[in-house]
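# What the coordinates show
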Amino acid sequence: MNPEQPLSKGASAFLFDERCLWFHSGQASALAAPVGGWVQPLASGSGVASADCLRRLKSLMDASGLSAQLRIQSARPASLMEMARVHDRQYLERFQHMSANGGGELGLAAPFGPGGFELAALSAGLAREAVSGVMGGEYQRAYAACIPAGHHALRDQAMGSTLLANSAIAVEHAIVELGARRVAIVDWDVHHGNGTQSLFYERDDVFTVSLHQENCFPPGSGGADERGSGEGLGANLNIALLPGCGHAQYLHAMEQLVVPALLRFAPDLLVIGSGYDASTYDVLGHMQLHSGTFREMTRLMVEVAERLGHGRLVMIHEGGYSDVYVPFCAIAAIEALTGLSTDVRDPFIDFIQQQCLPEDFDCLHRQRVRLQAQQLGLTPFS
Ligand SMILES: [Zn+2]
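For the rest of this paragraph, the subject is the nonpolar core. Ranked by size, the top nonpolar core spans 122 residues in total, and within it Val 186, Trp 188, Leu 211, Tyr 250, Leu 270 and Met 301 carry the most contacts. A per-element tally of this core places helix α4 (residues 116–135) first, with 12 residues. Apart from the residues within four sequence positions on either side, Leu 270 is in contact with Ala 184, Val 186, Leu 262, Met 301, Val 304, Ala 305, Arg 312, Leu 313 and Val 314.

The next subject is the sheet that holds strand β13 (residues 269–274). Sheet architecture is open: eight strands sit in the order β4-β1-β8-β14-β13-β10-β11-β12, paired in parallel fashion. Of all the strands in the sheet, just β4 (71–73) and β12 (236–241) have a single pairing partner and so form its edges. Geometrically, the sheet is characterised by an average inter-axis angle of 15° between neighbouring strands, direction not taken into account. As paired strands, strand β11 (residues 206–213) and β12 are joined by six bridges and run parallel to one another. The residue bridging Thr 208 from the neighbouring strand is Asn 236, located in β12. With respect to the sheet, α4 is in contact with β1 (12–15), β4, β8 (141–144), β13 and β14 (313–317), its orientation differing from that of β8 by roughly 180°.

Of all six residues in β12, six are buried, a share of seventy percent or more. Side chains of β12 alternate between two faces, with Asn 236, Asn 238 and Ala 240 and Leu 237, Ile 239 and Leu 241 buried alike.

Turning next to the packing of aromatic side chains. Two measures describe an aromatic ring pair: the distance that separates the ring centres and the angle between the ring planes. For the structure shown, the criterion picks out 12 aromatic pairs. For the pair Tyr 325 and Phe 328, a centre-to-centre distance of 6.5 Å together with 35° between the ring planes defines the contact as tilted. Taken individually, Tyr 325 and Phe 328 each receive the classification buried, so the pair is uniform in this respect. Residues Phe 328 and Phe 348 carry aromatic rings whose centres are separated by 5.9 Å and whose planes lie at 70° to one another, so their mutual orientation is edge-to-face. Remark: Phe 348 occurs in the loop between α9 (326–338) and α10 (349–353) and Phe 328 occurs in helix α9; sequence separation between them is 20 residues. For Phe 328, a relative accessible area of 16% puts it in the buried group.

This next bit is on the coordination of the zinc ion. Only Asp 189 (OD), Asp 189 (OD), His 191 (ND1) and Asp 277 (OD) from the protein reach the zinc ion as donors, at distances of 2.0 to 2.8 Å. Here the zinc ion is ringed by four donor atoms whose angles at the metal span 52 to 153°, and the overall shape comes out irregular. When the donor residues of the zinc ion are listed from N- to C-terminus, their spacing reads D-x1-H-x85-D. Here Asp 189 is found in the loop between β10 (183–187) and α6 (194–199), whereas its partner Asp 277 is found in the loop between β13 and α8 (291–307), with 88 residues between them in sequence. Summarising the burial analysis for this pair, Asp 189 and Asp 277 share the class buried.

Calculation criteria
- Residues numbered from 1 in each chain as written.
- Predicted model: local features only at pLDDT ≥ 70, side-chain atom pairs only at ≥ 80, totals over all residues.
- Heavy atoms only, no water.
- Core = buried A, V, L, I, M, F, W, Y, C linked by side-chain atoms within 4.5 Å.
- Buried < 20%, exposed > 50% of the residue type's maximum accessible area, 1.4 Å probe, protein only.
- Helix = DSSP H or I, 4+ residues; strand = E, 2+ residues; numbered from the N terminus.
- Contact = heavy atoms within 4.5 Å.
- Pairing = 2+ DSSP bridges.
- Axes fitted to C-alpha atoms, helices over the stretch in contact; angles between N-to-C directions.
- Phe/Tyr/Trp six-rings, centres within 6.5 Å; stacked < 30°, edge-to-face > 60°.
- Donors = N, O, S within 2.8 Å, 3.2 Å for Na, K, Ca; no water.
- Tetrahedral: all angles 85-135°; square planar, octahedral: opposite > 155°, others 65-115°.

What follows is the structure in structure tokens.
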């Protein structure tokens, strides 16, 4: 199928539940740190919260008519059995107990309020359902609007505002229940997808890829030398990008490293961990992407899925903290995913595109990518 050819109406799904937007950290936070001491309470009540971004995205989708062209549906929450495929039972019990008793801090920078367990289970359920629908042929592509996000969550610890490993739970469901044999997860959130990486680090049937700002969060995590271990050696790819990278650098890394690595691995399901905190206007990253970058990266992934002969592609929402800008980046990605279009125009893109990076920065970036491609024996995609 030609990836430029629009899919028919209803061919794609948007997994969404209003209740997930009610997830909150249980304490006002600023830049993911608690308010208190010398940090004044915030007038807005919350400093960094991705729920507002997703709420505004859904509003933009409704107002622009995009929602009307998609299958919009919720899902049952992930079951304890589904969660226990990637998390320790003791961890789940502790999370459940704390949630029933007002919430608290479950790990490293992962506070949550009352009822957080049920909302996190619902968020993971959206991811699982997106994968189920695509694997079962109910729709060809799907976007799961997951809040809270999942890609830092470890087997026995929450981290970085993520409590359950949404993508990993969904992928395990695809493998255990739906017959997927090889799955790839590409995570372009600006922070390292350390949780997803760790859960599949010794597995050769799940290829995990993370493009992220070098040494951002978690600190010291996500180097190119982390390539998996045991049977999983070679099934993890970290692309640690210099702070300041923009559209050209991301597309270059995708074409030189990510796409050839995916084609070589040949997954029968492709999952994208789509965070938007590598945008110019994000407070938790130092990259310079715009909506056109997310559109192009998604288009590339659609092309890869089609080249692999099955077209199965699921996007799972991760981070993104610019209330104003995430909706424009995400709607561009969803348009590329679904083949649908709207009249929405990004009013910020011209300004961002004018902020050209110096040539020597780009040279340094290209050198680093070339070296990594050589080390991995990858042939650039064209
Ligand atoms: Zn992030």
